[in-house]
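Next come the chains, spelled out residue by residue.
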Amino acid sequence: MNILEFLKDNFVILDGGMGTLLQEAGLQPGELPERWNVSHPEEIVRIQKAYFDAGSNVVLANTFGANSLKFEEEELQTLIRAAIANARKAAAESAGIQEKFVALDIGPIGKLLKPYGDYEFEDAVSVYAKTVRIGTEAGADLIFIETMNDSYDTKAALLAAKENSGLPVFVSNAYGSDGKLMTGASPAAMVAMLEGMHADAIGANCSLGPEQLIGVIEEYLEYASVPVLLKPNAGLPRSENGKTVYDVTPPDFAESVEKLLKKGVRITGGCCGTTPEFIKAVSKKAKNLSPLPLTEKNRSLVSSYTHAVEFGGAPILIGERINPTGKKRFQQALREEDMDYILNEALRQQDAGVHVLDVNVGLPEIDEPALLEKVTKELQAVTDLPLQIDTTDTVAMEAALRCYNGKAMVNSVNGKAEVMESVFPLVAKYGGFVVALTLDEDGIPESAEKRVKIAEKIIEKAAEYGIKTKDLIFDPLAMTISADTKAALSTIQAVHSIRTELNVNTSLGVSNVSFGLPSRNIITSTFFALCLEEGLSAAIMNPYSAEMMNVFYAYKALHNMDENCMEYIDYASKLPALQPVAGAVGQGSGAGNGSLKTGSASSGSDAAGGKDALSPLQNAIVRGLKEKAGNLTKEKLQNEKPLEIIQGDVIPALNIVGEDFEKKKVYLPQLLMAAEAAKAAFEEVKAKMGSSEENASSGCPIVIATVHGDIHDIGKNIVKLILENYGFAVSDLGKDVPAQTIAEETVRLHAPLVGLSALMTTTVPAMEETIKLLREKAPWAKVCVGGAVLTKEYADSIGADCYCRDAMETVRYAEELTKNL
């Protein structure tokens, strides 16, 4: 029996923490746990046998950090093969009579991917692929991707698993106390992406205890049609006499997990701080329960790197302006690869209230695959709106879908066999919400009935590729009434029939109906209203049209889709200034109009006192427009002093984004892109000032490092970038840094502040050792610490002066500290 067959009718009990038990067995600070697969195989087998004896069905091989960034190829193969063999031996020696499986465990590679970091997405896929291939060949039963705190990194790992193995794949993400990933993704967003890519089970692990993860898991259960897994920590950690301990007991842990098993969780175990006693307690609870049956949720979702947008309720607006058809200036921008113009068009539509952006770069004379990939990447750097990939070129379509961070809309497929056979495999691989046009080899039928028949044919063909009706949205095609006055009636009838008879979503490019007529918005907006009344789910439309937006907000208010008419009232209050100003900072991306999100992708509207309060340079920084920020700074330097620009534009803009980040109005990607834009401005200032002035203006020195034995430097790199943008002179010692090296650098610079980072429980002792050495060698220095496994209480217990949850808390602490110097 394989794991998926077993899962159909049973709970699957996972193992617990490995790092804590390895430390108890003698793993030294800075020592790589994976090497114990060869040097101490008896200890690995002993721990894993204890988990099997406690009732685990699945034990994860000791391969969490086994990747080619940490080990050379030959050693990597040796360690992974030994890890699988050790787990197999533990299963064989266990007295447990339950079904037993061995998982290849894959943790994050510790790199932040572009555009927010410096590591290429495809390089990440390659790193994960090597581990997958070795583990598959070594005989793993399944692949368990865990503790992923970034959606893009998660996609890279899952893509590598799917492309290099036929094994079942479970995917687990690590959420913060705000219920989001480090880079902002909600559980619904992760469900959309991972289920679209056909992960076999999905859920959450690490970071928090079971009680703190209830909200996250409930959101998974609401949207996921695949099994949901839970692998929480044993509560919150602290240090006692140099030993990491947690605040939840096995009975309390099992009781909390039991509540979620009753709600529908199918797979459970433990993460940091859990031991065989915890798993035994959970297993005992599970034996007295029957798993709830899996149900198809039929939730039609697209997603970005922060949130999901659901179709089928309130109407969804898809901005049509990133499309060269009939737009000479946009065509010019595409030919010149004028990204500022393209990105500005996206931001203007976001400010106007659309929920999804259509992206079409098709011109005969350009390299569409290369440009569509580039534009997709660039758009994701400045907006968190989901994208609709709009192309007939399947090479371009795959390039964009592969690099897209989320679950995209795909525009489009139709009833032609050739088209379905080329598009559906891409959607099956990468996930997607597919726009299906009701035309086929015979063209566009005049009657609604024939369009419905084509829709039925598309549904049947999609099912052959594992694509469900919830991932199809049908466009029954609006034809111009100037050529046929009956055309609109056929489309309206088709919208009604497809929505009610086939129970699927519908979309239209509504503006086509008025082509060739004067005052087109009158016809288009009325047609939009009529289609909405017949069940239209979404419209590709011009969000700058007052008539169209009037219909949208009025329809929602009249159909009880706008609580207390608040969205309509807000919209009406802005009618005198309806048309957006190019590049202006707006009110976000339509949260509440179908978006499953909190907070806004835009930043600065509250902190800056409104749209008109920001200078063009401040706006460019807030928006994360690097090239524009650099160009504007260069222009300003012709008339203004460099330091005036820094103090008057750059720092205030960073403060706007920083404050919104602290208030959870924006997330890490927006903070990082704003920092990159500020960096572009700083580079122009530095060039103008010269090296001597640049050095004179540098802030006090700060030493930062990821501690010995830990190669995960994402958090540390983020802190460095933000600190430098606030004027601090950062000495970055890198990752896996010995305590002595950190102390020596602190003494050399007489640095008043040291920042230490650690991701894994096994490396926190190295952090404590470093703090002790700093107290001896550099007693004047304050120490701030951060990392996924830390809490304020834990930081206090190891002697740190401050626990910083994120980069902005580090900045605030550094600012406060330097005031007194």
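From a predicted model like this one, the values you see are computed outputs, not experimental measurements.

1. As for the overall build of the protein
Okay, so step 1: Scanning the protein for helices and strands turns up 31 helices and 26 strands.
Okay, so step 2: For the protein, whose C-alpha radius of gyration is 28 Å, the value lies close to the compact-globule estimate of 28 Å for 821 residues.
Okay, so step 3: Expressed as lengths along the three principal axes of its C-alpha atoms, the size of the protein is roughly 85 × 75 × 50 Å.
Okay, so step 4: Evaluated residue by residue, the protein yields a buried proportion of 62% over its 821 residues.
Okay, so step 5: Partitioning the intrachain contacts of the protein with sequence separation of at least 6 by distance along the chain shows that 76% fall at a separation of at least 24.
Okay, so step 6: Element-wise, carbon and sulfur atoms account for 50% of the exposed surface of the protein, whose accessible area totals about 30400 Å².
Okay, so step 7: Looking at the protein, you have 79 positive and 111 negative side-chain charges, and the mean spots of the two groups are 1 Å apart.

2. Concerning the sheet that holds strand β25 (residues 782-786)
Okay, so step 1: Here we have five strands laid out as an open sheet, ordered β23-β22-β24-β25-β26, and parallel in their pairing. At either margin of the open sheet sits one strand with a lone partner, and together these are β23 (729-732) and β26 (802-803).
Okay, so step 2: Two strands pair when backbone bridges link them, and β25 and β26 are joined in this way by two bridges, in the parallel orientation. Bridge pairing in β26 links V785 to Y803.
Okay, so step 3: Of the strands in this sheet, β22 (701-706), β23 and β24 (753-757) are in contact with helix α28 (residues 739-749), which crosses β22 at around 175°.
Okay, so step 4: Running at roughly 170° to β25, helix α29 (residues 764-777) makes contact with β24 and β25 of the sheet.

3. Overview of the nonpolar core
Okay, so step 1: If you look at the biggest cluster of nonpolar residues, it comprises 228 residues, and the most contacted ones within it are I145 and F528.
Okay, so step 2: Contact partners of I145, with chain neighbours within four places excluded, come to I106, A157, L158, A161, V169, F170, V171 and S172.
Okay, so step 3: In this structure, A751, L756, Y794 and A795 belong to the second largest nonpolar core, which totals 28 residues.

4. Observations regarding the pattern of salt bridges
Once the charged atoms of two side chains with opposite charge are near each other, the side chains can pair.
Okay, so step 1: Applying the stated criterion to the full structure yields 47 salt bridges.
Okay, so step 2: The salt bridge partner of E34 is K70, with a shortest N-O separation of 3.9 Å. Within this pair, whereas E34 is found in the loop between α2 (19-25) and α3 (36-39), its partner K70 is found in the loop between β2 (58-60) and α5 (73-93), the two being separated by 36 residues in sequence.
Okay, so step 3: A residue is classified by how much of its surface remains accessible, and E34, at 3% relative accessible area, is buried.
Okay, so step 4: In this structure K70 comes out as buried when scored by relative accessible area, which is 13%.
Okay, so step 5: Across the salt bridge formed by E365 and R335, the nearest N and O atoms sit 2.4 Å from each other.

5. Regarding the confidence of the model for the protein
Okay, so step 1: Averaged over the protein, the pLDDT score is 92; the fraction of residues at 70 or greater is 94%.
Okay, so step 2: pLDDT under 50 marks residues 598-612. Its contacts with residues more than four places away, or in other chains, come to 43 contacts.
Okay, so step 3: Contacts of residues 691-697 to residues separated by more than four positions or lying in other chains number two contacts, the stretch itself having pLDDT below 50.

6. Focus: the state of the cysteines
Okay, so step 1: Under the criterion given, the structure shown has zero disulfides.
Okay, so step 2: Unpaired in terms of disulfides, C271 finds its nearest cysteine sulfur in C206, a separation of 3.9 Å.
Okay, so step 3: Summary of cysteine pairing: C700 is not part of a disulfide, and the nearest cysteine sulfur, belonging to C784, is at 11 Å.
Okay, so step 4: The class of C700 is buried, set by a relative accessible area of 19%.

7. Regarding helix α14 (residues 368-382)
Okay, so step 1: Its 15 residues give α14 an end-to-end C-alpha distance of 21 Å, which sits within 8% of 21 Å, the value for a rise of 1.5 Å per residue.
Okay, so step 2: Residues of α14 that are buried: E368, P369, L371, L372, V375, T376, L379, Q380, A381 and V382.

8. Let's talk about the pairing of strand β8 (residues 237-240)
Okay, so step 1: Of the two faces of β8, the one lined by P237 and S239 is fully buried and the one lined by R238 and E240 carries no buried residue.
Okay, so step 2: As judged from the four bridges shared by β8 and strand β9 (residues 243-246), these two strands associate in the antiparallel manner. Each bridged residue has a counterpart across the sheet, and for P237 the counterpart in β9 is Y246.

9. Concerning the packing of aromatic side chains
Okay, so step 1: Tallied over the entire structure, the rule returns 11 aromatic pairs.
Okay, so step 2: For the ring pair F144 and F170, a centre distance of 6.3 Å and an interplane angle of 65° mean the geometry is edge-to-face. Residue F144 is located in strand β4 (residues 142-148), and its partner F170 is located in strand β5 (residues 169-173); the two are separated by 26 residues in the primary sequence.
Okay, so step 3: F144 gets classed as buried once you look at its relative accessible area, which sits at 0%.
Okay, so step 4: These aromatic residues form a ring-pair network of at least three members: F552, Y553 and Y571.
Okay, so step 5: The ring of Y341 has R329 lying over it, and the distance from NZ or CZ to the ring centre is 4.2 Å.
Okay, so step 6: A cation sits over an aromatic face here: R348 above Y544, 4.4 Å from the ring centre.

10. Some points on the domain arrangement of the protein
In many analyses, interface size is given as the accessible surface area lost on bringing the parts together.
Okay, so step 1: The assigned domain composition of the protein is domain 1 (3-287), domain 2 (300-573), domain 3 (582-689) and domain 4 (699-818).
Okay, so step 2: Placing the centre of domain 1 and that of domain 2 at their C-alpha centroids yields a distance of 38 Å.
Okay, so step 3: Summed over both sides, the interface of domain 1 with domain 2 buries roughly 1900 Å², with 47% coming from carbon and sulfur.
Okay, so step 4: The largest per-residue losses of area from domain 1 upon contact with domain 2 belong to Y116, Y152 and K155, which jointly make up 24% of the total buried on that side.
Okay, so step 5: For E163, the salt bridge is made with R402, and the minimal N-O distance between the two is 2.7 Å.
Okay, so step 6: Remark: the boundary between domain 1 and domain 2 carries 15 residue pairs in polar contact (both at pLDDT 80 or more).
Okay, so step 7: Broken down by element, the side of domain 1 that touches domain 2 gets its largest block of residues, six residues, from helix α8 (residues 187-196).

11. Focus: the sheet that holds β2
Okay, so step 1: An order of β1-β10-β7-β6-β5-β4-β3-β2 is seen for the eight strands of this open sheet, with the pairing classed as parallel. The open sheet has two edge strands, β1 (12-13) and β2, and neither has a second partner.
Okay, so step 2: The sheet contact formed by strand β3 (residues 101-106) and β4 spans four bridges and is parallel. Counted as the bridge partner of L104 is I143 from β4.

12. Some remarks on the environment of V245
Okay, so step 1: Here V245 shows up in strand β9.
Okay, so step 2: Expressed as a C-alpha distance, the spacing of V245 and K297, which sit 52 residues apart in the sequence, is 39 Å.
Okay, so step 3: Those residues within four positions of V245 in sequence are excluded, and the remaining contacts are L236, P237, R238 and E240.

13. Focus: the pairing of β22
Okay, so step 1: Taken across its six residues, β22 has five buried, putting it largely inside the fold.
Okay, so step 2: As paired strands, β22 and β23 are joined by four bridges and run parallel to one another. Across the sheet, the residue bridging to P701 is A729, located in β23.
Okay, so step 3: With helix α27 (residues 714-725) bridging β22 and the parallel β23, this β-α-β connection has right-handed handedness.
Okay, so step 4: Two strands pair when backbone bridges link them, and β22 and β24 are joined in this way by five bridges, in the parallel orientation. Note on β24: the bridge partner recorded for I704 is G755.

The rules we used
Residues numbered from 1 in each chain as written. Predicted model: local features only at pLDDT ≥ 70, side-chain atom pairs only at ≥ 80, totals over all residues. Heavy atoms only, no water. Helix = DSSP H or I, 4+ residues; strand = E, 2+ residues; numbered from the N terminus. Rg over C-alpha atoms; globule rule 2.2 N^0.38 Å. Buried < 20%, exposed > 50% of the residue type's maximum accessible area, 1.4 Å probe, protein only. Contact = heavy atoms within 4.5 Å. Areas by Shrake-Rupley, 256 points an atom, 1.4 Å probe, with all protein chains shown as cover. Lys, Arg positive; Asp, Glu negative; His and termini not counted. Charge placed at Lys NZ, Arg CZ, Asp CG, Glu CD. Pairing = 2+ DSSP bridges. Axes fitted to C-alpha atoms, helices over the stretch in contact; angles between N-to-C directions. Core = buried A, V, L, I, M, F, W, Y, C linked by side-chain atoms within 4.5 Å. Salt bridge = Lys/Arg side-chain N within 4 Å of Asp/Glu carboxyl O. pLDDT = per-residue confidence, 0-100. Disulfide = S-S within 2.5 Å. Expected span 1.5 Å × (residues − 1). Phe/Tyr/Trp six-rings, centres within 6.5 Å; stacked < 30°, edge-to-face > 60°. Lys NZ or Arg CZ within 6 Å of the ring centre and 35° of its normal. Domains from an automatic or database assignment. Buried area = accessible area lost by both parts, 1.4 Å probe. Polar contact = N/O pair within 3.5 Å; in protein donor to acceptor, adjacent residues only side chain to side chain. Right-handed = clockwise from strand over helix to strand, strands pointing away.

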